[in-house]
Amino acid sequence: MLHIVDDEAVVRDALSWLATSRAIAARAYESGAQFLQQIGDFDAAGDCVLLDVRMPDMNGVAVFDQLLTRGLAQRMPVIFLTGHGDVPMAVDTLKRGAFDFFEKPFNDNQLMDRVQEALTNSRRASDTAAVHARLATLSTREREVLDLILAGKMNKVVADQLGISMRTVEVHRAHIFDKMQVKTAVELAGLLK
């Protein structure tokens with residue numbers, strides 16, 4: 001989903017049309033406060049924000065700061081749009097994690113290409129966060145078994161190295177596969193590479 005945050009209706013409409021022409025779902029907001037209120041603290045998987053810098057009440061940089069505070073900026077890349085930006089502002093926002101910075105008027109194709117790249121990055125970041133969340137559910141012993149499985153050790157070797165029975169290794173292995181949502185060690189290795 002592409003979130004378009006701009007106080008000018010004509011800009012929101014034009015950007016929504018551009019997104020739709022590329023088969024990108026879009027939602028428009030007329031202010032930063034409205035955007036922040038409607039997104040809450042949701043997952044943000046596969047989302048991107050086109051954010052105007054100069055808006056009344058809450059400017060785009062303040063909205064970006066809120067996304068950073070909420071931990072959403074990584075999974076919800078921000079592309080700034082402005083007719084009034086300057087180099088120090090662009091450098092600062094990019095250093096703090098903005099995905100890109102475009103000056104109005106912008107090239108439609110270049111902007112939409114960057115939006116698609118940002119959406120791809122957002123999906124990847126979301127997938128990575130999901131894998132880390134699943135890893136966090138593993139017990140200490142399951143992590144030890146996981147490390148040895150990834151090292152290519154057979155159950156008997158894992159049991160010997162950890163001083164546990166082979167049956168216990170099999171139980172831990174089953175729990176690991178279940179928690180990590182995989183069926184084989186090859187799938188597990190692919191997920192964690």
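Just so it is clear, the structure is predicted and the values come from calculations on it, not from any experiment. (Residues numbered from 1 in each chain as written. Predicted model: local features only at pLDDT ≥ 70, side-chain atom pairs only at ≥ 80, totals over all residues. Heavy atoms only, no water.)

Hey, could you go over the side chain of N155 for me, with residue numbers and the actual values?
By secondary structure assignment, the location of N155 is in helix α7 (residues 155-162). On the basis of relative accessible area, N155 is assigned to the buried category, the value being 17%. Here R173 takes part through its side chain, which lies 2.9 Å from a polar atom of the side chain of N155. Look past the residues within four positions of N155 in its chain and what remains in contact with it is M166, V169, E170 and R173. (Helix = DSSP H or I, 4+ residues; strand = E, 2+ residues; numbered from the N terminus. Buried < 20%, exposed > 50% of the residue type's maximum accessible area, 1.4 Å probe, protein only. Polar contact = N/O pair within 3.5 Å; in protein donor to acceptor, adjacent residues only side chain to side chain. Contact = heavy atoms within 4.5 Å.)

An account of the packing of aromatic side chains is requested, with residue identities and associated values reported.
This model, assessed by the stated rule, comprises three aromatic pairs. Considering the side-chain rings of Y29 and F35, the 5.1 Å spacing of their centres and the 70° angle between planes classify their relative orientation as edge-to-face. Here Y29 and F35 have matching classes, each one buried. Considering the side-chain rings of F64 and F80, the 5.4 Å spacing of their centres and the 75° angle between planes classify their relative orientation as edge-to-face. Taken together, the residues F64 in helix α3 (residues 60-70) and F80 in strand β4 (residues 78-82) connect sequence positions 16 residues apart. Each of the two residues, F64 as well as F80, counts as buried. (Phe/Tyr/Trp six-rings, centres within 6.5 Å; stacked < 30°, edge-to-face > 60°.)

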